[in-house]
Amino acid sequence: MALLTPEDLANMTNALVENDRLITELTDYSLDGLCREIYDTAPHNEKIAIIPITAGNGIIGSFSESLLFTVKHFGMDGFITENTDVAGYYEAVMKGADIILMADDLAYIAHNLKNGKIAHNQICTGRIYAEILCHAKDYADDKDVLVIGLGKVGTPAVETFLKEKQNVYVFDVDSKRVDEVVSNYPVFKYDPNDSKTPKSFFKIFEATPCADTICEDVLKQNSLVSTPGIPCGISGELIEKYGIRIVLEPLGIGTLSMLYAVF
Ligand code: NAD
Ligand code: 2YG
Ligand code: MG
């Protein structure tokens with residue numbers, strides 16, 4: 001798995017605020033309002049403990065701080081434990097934490113100690129970025145959506161689009177992965193040579209670890225791109241040329257989705 005770097009998080013606070021503003025403009029829901037709508041949950045003064053984890057590649061500079069910023073930005077109560085790992089977990093519980101946030105190189109989870117609910121970042125990230133596309137008012141009439149990247153984030157996005165009654169077209173560089181998804185779900189292979197397949201889309205979801213995955217052929221003027229993928233899959237030139245609106249932020253949107261999944 002591609003791990004976040006401190007550089008990815010350098011502008012995270014501005015990106016979260018700016019994306020929340022864009023999501024509100026697009027959907028009439030603030031990001032927390034949208035989470036409330038899709039999960040049918042709400043915070044109830046839970047205390048959220050963020051535990052830095054040293055396992056594997058270790059602590060990522062400003063990862064815990066970015067989580068605390070997200071928690072506080074949305075009006076919730078949280079703290080970063082002074083201790084790491086197991087000692088941090090003990091500290092969190094002793095200080096009355098209701099919800100634990102922690103990540104190693106393989107999994108980033110939220111665990112609500114009071115109700116037992118647990119959430120995984122990849123699933124909750126795929127879900128919220130997909131729901132943003134589904135709730136965008138100006139894009140509601142066209143049900144076609146292109147999903148690029150069918151991994152651990154892209155697959156829950158496919159499930160979300162299907163639940164929201166979208167027509168889902170899928171692409172991945174790994175053709176085996178495309179075949180698996182097409183045989184497991186009622187979705188279509190993106191094939192620009194097939195006359196029945198749309199060539200370009202107003203709604204595009206991207207979750208890959210690569211740049212330039214969104215090529216000019218799939219774009220329409222003012223397409224909406226919702227993409228958790230790092231780095232950004234579309235070039236600045238194409239964003240400008242096509243007036244693309246883009247939802248993209250490295251950590252906070254997915255984190256808020258995880259918290260609402262466990263409230
Ligand atoms: P994954 O490895 O499970 O899946 C990635 C998929 O992308 C694979 O199926 C791969 O074959 C495909 N792919 C790679 N290059 C491609 C290309 N050029 N064109 C089309 N498909 C291509 O990874 P994941 O866990 O699903 O994560 C995807 C991305 O999302 C990563 O960059 C990850 O860091 C990022 N991510 C971001 C957030 C966030 O909050 N913004 C949260 C979680 C993950
Ligand atoms: O506690 C810390 O500082 C580290 N142990 C955090 C490690 C997180 C590693 N995971 C990733 O970098 C991601 N791919 C998942 C993070 C979600 C948002 N991109
Ligand atoms: Mg995010």
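Structure: see above.
Since we're looking at a predicted model, the values are computed, not measured.

Novice: Mind showing me how you'd approach the packing of aromatic side chains here?
Specialist: Under the defined criterion, the tally for this structure stands at six aromatic pairs. Plain terms: the ring middles of Tyr169 and Phe201 are 5.6 Å apart, the flat faces sit at 55° to each other, and that makes the pair tilted. Placement of Tyr169 in strand β7 (residues 167–171) and of Phe201 in strand β9 (residues 201–206) is noted, with a sequence separation of 32 residues between them. Residue classification places Phe201 among the buried residues on the basis of a relative accessible area of 1%. Judged by centre distance (6.0 Å) and plane angle (65°), the ring pair of Tyr190 and Phe201 falls under edge-to-face. With Tyr190 in the loop between β8 (188–189) and β9 and Phe201 in strand β9, the pair connects residues that are eleven residues apart, well separated along the chain. Accessibility assignment for this pair places Tyr190 and Phe201 in one class, buried. An aromatic cluster is defined as three or more aromatic residues linked by ring pairs; in this entry it consists of Tyr169, Phe188, Tyr190 and Phe201. Against the face of Tyr39 rests Arg127, its NZ or CZ located 4.5 Å from the ring centre.

Novice: What should I look at first to understand the nonpolar core in this one?
Specialist: Core analysis: the biggest nonpolar cluster contains 59 residues, and Leu31, Leu101, Ile128, Phe161, Val170, Phe205 and Ile253 have the highest contact counts within it. No other element matches helix α6 (residues 121–135), which puts seven residues into this core. Shared between two domains, this core takes at least three residues from each, and those domains are domain 1 (6–120 + 254–262) and domain 2 (123–249). In contact with Phe161, other than residues within four places in its own chain, are Ala130, Leu133, Cys134, Val145, Val147, Gln166, Val168 and Phe205.

Parameters and conventions
- Residues numbered from 1 in each chain as written.
- Chains lettered and ligands numbered in written order.
- Predicted model: local features only at pLDDT ≥ 70, side-chain atom pairs only at ≥ 80, totals over all residues.
- Heavy atoms only, no water.
- Phe/Tyr/Trp six-rings, centres within 6.5 Å; stacked < 30°, edge-to-face > 60°.
- Helix = DSSP H or I, 4+ residues; strand = E, 2+ residues; numbered from the N terminus.
- Buried < 20%, exposed > 50% of the residue type's maximum accessible area, 1.4 Å probe, protein only.
- Lys NZ or Arg CZ within 6 Å of the ring centre and 35° of its normal.
- Core = buried A, V, L, I, M, F, W, Y, C linked by side-chain atoms within 4.5 Å.
- Domains from an automatic or database assignment.
- Contact = heavy atoms within 4.5 Å.

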